[in-house]
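Listed here are the chains, written in short residue letters.
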Amino acid sequence: NAEEENLLSAVRERLFVLKLPLVRKWYWPGSAKACCVLTHDIDWFDYSPFHKQVLKQSANPFRLLRLAFDSLIRKKDYGWNIPETAALEQEYGFKSTFFFQMSYGGKDLLEQSADILKKQSFELALHGAETSYRDPESLRDELALFRKRIGLDPRGLRYHILKFEPPHTWEIEAAAGLEYDATFYFNRFFGFRAGICFPYHPFSHQSRIPILELPTGYMDWTSLHKAQGAREQLETLEKTRRAVEVYHGVLVANFHNTYLNHETFPSVYRTFKAL
């Protein structure tokens, strides 16, 4: 960003000497201050209310008793949450991207989830497997299975557990015909792995790669890994959002469907709703 300002200053001075105006195109349509992209990684379709991450949220015995009753007696699924998330976003007038894997152990609600989201015009994209980030054939197989199970071609992807091998991963994505990637992020740290909060075309030693990287800047799992409470999560999200607005960039936020439940993860749910 500092280099950009130095270059802009030099261009402005040169144009002034030539008595020419400096014409700048604004960053986003409609003179918007910044951009926000909401995304969801769909790792599983169920989630136990007795998982250690759930228990960390609160050890209140009445809460745990209610969760146990609903799970064991009423057979409530605390992990799917896709219809509720879609309804919440529709209420606020937003559309997000849902990244789906092509293989789920245990409960598999892929087609049912896809039907719900397609009817409401949400974007469906690929949540790539741990092998396809470095194997072109594996990625092609996943894309073919995506077309077969969901009935459309995904425009982009994010790899599971953020597996990535730059620039090779970008190259095989571009060769497969994908338009964007949203993987290049740190699992355990907030912020922008490439140092910028703008979408960008990555490059190899030979040339620029014809794919767009959407730089993820916030992920709910990172807050859970850091054992952040509700207040800390909101503060971190606000800090990230303010930084994006200062530079007129893009905030790509990733909230997993398994955590978007106000009973098991109330702090994550409130943070997402605040955003």
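Note that the coordinates shown come from a computational prediction; the quantities given were computed from them, not determined experimentally.

**Q** How would you summarise the overall build of the protein chain if you had to cite specific residues and measurements?
**A** Along the backbone of the protein chain there are 10 helices and 8 strands. The C-alpha atoms of the protein chain give a radius of gyration of 21 Å, which matches the 19 Å a tight globule of 275 residues would have. Principal-axis analysis of the C-alpha atoms places the extent of the protein chain at approximately 80 × 45 × 30 Å. When burial is assessed residue by residue, the protein chain has 44% of its 275 residues classed as buried. Contacts in the protein chain between residues at least 24 apart in sequence constitute 72% of all its contacts with a sequence separation of at least 6. When the accessible area of the protein chain is evaluated, it comes to approximately 14,900 Å², of which 56% is carbon and sulfur surface. Here the protein chain contributes 35 positively and 34 negatively charged side chains, and the mean placements of these two sets differ by 5 Å.

**Q** Give me the sheet that holds strand β5 (residues 180-181): which residues, what numbers.
**A** Taken in spatial order, the 8 strands of this open sheet run β6-β5-β4-β3-β2-β1-β8-β7, and their pairing is parallel. A single partner strand is all that each edge strand has here, and the edge strands are β6 (212-213) and β7 (216-219). Here β7 pairs with strand β8 (residues 250-254) via 3 bridges, running parallel. Paired with Y218 across the two strands is A253, which belongs to β8. The sheet strands contacting helix α7 (residues 168-175) are β4 (156-159), β5 and β6, and the helix crosses β4 at an angle near 150°.

**Q** Before we move on, can you summarise the packing of aromatic side chains with the specific residues and values?
**A** One pass over the structure, following the stated rule, counts 18 aromatic pairs. Aromatic side chains W26 and Y27 sit 5.0 Å apart centroid to centroid with 80° between the ring planes, which places their arrangement in the edge-to-face category. Considering the side-chain rings of Y133 and Y159, the 6.4 Å spacing of their centres and the 75° angle between planes classify their relative orientation as edge-to-face. Of the two residues, Y133 sits in the loop between β3 (123-128) and α6 (136-150) while Y159 sits in strand β4, which places them 26 residues apart along the sequence. For Y133, a relative accessible area of 10% puts it in the buried group.

**Q** Explain α6 residue by residue, including any values.
**A** The end-to-end C-alpha distance of α6 is 21 Å, a good match for the 21 Å that 15 residues give at a rise of 1.5 Å each. Buried within α6 are the following residues: S138, L139, E142, L143, F146 and I150. Looking down the long axis of α6, one finds its buried residues gathered within 135° of arc, a one-sided arrangement. Buried-residue contacts for α6 involve α5 (110-119), β3, β4 and α7. A side-chain oxygen of the first residue of α6 lies 3.2 Å from the backbone nitrogen of E137; this N-cap is D135. Just downstream of α6, G151 is the residue with a positive phi angle, here 90°.

**Q** Quick one: what's the story with the environment of N254, residue by residue and with numbers?
**A** With respect to the helices and strands, N254 occurs in strand β8. Among the residues examined, N254 registers a relative accessible area of 0% and is labelled buried. Along the primary structure N254 and S96 are separated by 158 residues, whereas in three dimensions their C-alpha atoms are 9.9 Å apart. In this structure, N254 is in contact with T39, H40, D41, R158, T216, Y218, M219 and D220, ignoring residues within four places of it in sequence. Side chain to side chain, N254 and D41 meet in a polar contact 2.9 Å long.

Calculation criteria
- Note on numbering: residues in each chain are counted from 1, in written sequence order.
- The predicted origin of the model limits local features to residues at a pLDDT of at least 70 and limits the giving and counting of side-chain atom pairs to 80 or more, whereas totals for whole chains, interfaces and linings rest on all residues.
- To get the side-chain values, take all heavy atoms of the structure and skip hydrogens and water.
- Here a strand is any run of E in DSSP of at least two residues, a helix any run of H or I of at least four, and the numbering for each starts at the N terminus.
- Atoms counted for the radius of gyration: C-alpha only. Globule rule: 2.2 Å times residue count to the power 0.38.
- The rule is simple: take the accessible area with a 1.4 Å probe, protein chains only, and divide by the maximum for that residue type; under 20% is buried, over 50% is exposed, in between is partly exposed.
- Working rule for contacts: check all heavy atoms of both residues, and any pair within 4.5 Å makes them a contact.
- Surface accessibility in these figures is a Shrake-Rupley result with a 1.4 Å probe; residues are shielded only by whichever protein chains are displayed.
- A residue counts as positive if it is Lys or Arg and as negative if it is Asp or Glu; His and the chain ends are not included.
- Taken as the charge centre is NZ of Lys, CZ of Arg, CG of Asp or CD of Glu, depending on the residue.
- Strands are labelled as partners when DSSP assigns at least two bridges between them.
- Between N-to-C directions, angles cover 0 to 180 degrees, with each direction set by a line fitted to C-alpha atoms, over the stretch in contact for helices.
- Stacked, tilted and edge-to-face are the three classes applied to pairs of Phe, Tyr and Trp rings, where Trp contributes its six-membered ring and a pair requires centres within 6.5 Å; stacked means planes under 30 degrees apart, edge-to-face means over 60, and tilted covers the rest.
- Every helix has an expected span of 1.5 Å times one less than the residues it contains.
- An arc is given here, and it is the one of the directions from the helix axis to the C-beta atoms.
- In protein, a polar contact means a hydrogen-donor-capable atom and an acceptor-capable atom, both N or O and within 3.5 Å, with residues adjacent in sequence counting only if both atoms are side-chain atoms; elsewhere, any N or O pair within 3.5 Å suffices.

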